[in-house]
Amino acid sequence: MHMKIKGFIITGIILTILGVGATAVASTQMDFKEGYPGLFADPNLEKKEETFGEIKKISYDGTDENIDIIYGEGENIFTYYESDTLTYDISYDEELKELSIIQKHSFTFFNFSLSKKATLSINSSLDELQMKAAAGNVGIKDLTITKADVDVSAGNLKIENSSISALDLESDAGNVNLYDLTVDSSVFGVKAGNLKIENSKITSSVIHSNAGNVNLKDSTFDTVEAKLNAGNLTFNGDILIQAEFKVDAGNLKLTLSRPQASYTMNGEGEGETIIQYRVSAGNKKIYYGD
């Protein structure tokens, strides 16, 4: 009993710290910047546009940027803003159909500004997207991508209404929100922040989170492995083949679509779907459909 109470106390302390940290991260990210568009923008920013031929691969490396990559009819267009402190190095290989964008933003104590949002509109599917953003908010929408490798150091990432064959995503600090996705295979690494996947169909997924909450809502997975060091894991949807959930410090809540007889839970039952779970310090709740 003493050890159990101690475990609850430790969990409470960790989750309290986690909640404060997550709030701090969120307050400095998307809501703040997008809630006041242009308020902190450099007054010397100059709007620019470039058009390209067919694009099959995009490589993007940004220092501090708010950027959307979206599907759009017509020409492939990159709309962006430059100043003395915010610059872009853009190159396009027409033969290989590859677009490379490197963005740099220089800061000083007396010259601090947040850039306006850049938009890359492309009119075809992509073979590959390589994206690395040190800070800022990244949006990906309405795209079909064979392979996507996304690394966000400090910022928020939102991917919606897209189809991705292979998705590899790393986030050091910030929130990751995925909506209306179809994904064959995926790997998510979140060091500090929240991961939310909603209304999506994912064949295979591996999720590792150090500090943050994972919310899998109204989604279907064939197989999923989710491991959290500190945070809450909430699942609402269905698992068709196999799942493994591990939570070191936090709460686990599973709401499964089918009746209990459809699942084999920690070796108990005769259902075709096999689920293993372990919660070291925290609570667990499991609900089944009718």
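Further up the page is the structure itself.
All figures in this text were calculated on a predicted structure; none of them were measured in a lab. (Residues numbered from 1 in each chain as written. Predicted model: local features only at pLDDT ≥ 70, side-chain atom pairs only at ≥ 80, totals over all residues. Heavy atoms only, no water.)

### Topic: the overall build of the chain
When you go through the chain residue by residue, the secondary structure sums to two helices and 18 strands. Within the chain, counting contacts between residues at least 6 apart in sequence, those at least 24 apart form 41% of the total. (Helix = DSSP H or I, 4+ residues; strand = E, 2+ residues; numbered from the N terminus. Contact = heavy atoms within 4.5 Å.)

### Quick word on a negative patch on the surface
Residues D93, E94, E95 and E98 make up a contiguous surface patch of negative charge. On the secondary structure map, E94 appears in the loop between strand 5 (86-93) and strand 6 (98-105). A residue is classified by how much of its surface remains accessible, and E94, at 62% relative accessible area, is exposed. (Patch = residues over 30% accessible without salt bridge, like charges linked within 9 Å, V, L, I, M, F, W, Y side chains within 5 Å. Areas by Shrake-Rupley, 256 points an atom, 1.4 Å probe, with all protein chains shown as cover. Salt bridge = Lys/Arg side-chain N within 4 Å of Asp/Glu carboxyl O. Lys, Arg positive; Asp, Glu negative; His and termini not counted. Charge placed at Lys NZ, Arg CZ, Asp CG, Glu CD. Buried < 20%, exposed > 50% of the residue type's maximum accessible area, 1.4 Å probe, protein only.)

### Some remarks on the pairing of strand 5
Pairing of strand 5 with strand 6 involves eight bridges; the strand directions are antiparallel. Note that in strand 6 the partner of Y88 across the bridge is Q103. Counting the residues in the hairpin turn of strand 5 and strand 6 gives four residues, including K97, whose phi is positive at 60 degrees. (Pairing = 2+ DSSP bridges.)

### Brief notes about the packing of aromatic side chains
Aromatic ring pairs are reported here in terms of the distance separating the ring centres and the angle at which the planes meet. One pass over the structure, following the stated rule, counts seven aromatic pairs. Relative to Y92, the ring of F52 lies with its centre 5.6 Å away and its plane at 50 degrees, an arrangement referred to as tilted. Of this pair, F52 sits in strand 1 (residues 46-52) while Y92 sits in strand 5, and the two are 40 residues apart along the sequence. Ring pairing ties together the aromatic residues F78, Y80 and Y88, which thus form one cluster. (Phe/Tyr/Trp six-rings, centres within 6.5 Å; stacked < 30°, edge-to-face > 60°.)

### Some thoughts on the pattern of salt bridges
Per the stated rule, a full pass over the model turns up 10 salt bridges. Its salt-bridge partner being K158, residue E160 comes within 3.9 Å of it at the nearest N-O pair. Since its relative accessible area comes to 23%, E160 is described here as partly exposed. The closest approach of N and O atoms between K227 and E225, which form a salt bridge, is 3.7 Å. Among the residues examined, E225 registers a relative accessible area of 23% and is labelled partly exposed. Among the ionic contacts, a cluster of salt bridges with common partners joins K196, E198 and K217.

### Concerning unusual backbone geometry
With glycine set apart, most residues show a phi of negative sign, and most peptide bonds adopt trans. With a phi angle near 60 degrees, K97 is a residue other than glycine that sits in the positive phi range. Topologically, K97 is positioned in the loop between strand 5 and strand 6. At N266, a position not held by glycine, the phi torsion is positive, near 50 degrees. Residue position: N266 is located in the loop between strand 16 (263-265) and strand 17 (273-281). On the accessibility criterion, N266 (32% relative accessible area) is partly exposed.

### Structural notes on the nonpolar core
Membership of the largest hydrophobic core comes to 64 residues, with the highest contact counts inside it found for F78, L195, L233, F235 and F245. Excluding residues that lie within four positions of it along the chain, L195 makes contacts with V176, L178, F188, V190, I207, N213, V214 and N215. (Core = buried A, V, L, I, M, F, W, Y, C linked by side-chain atoms within 4.5 Å.)

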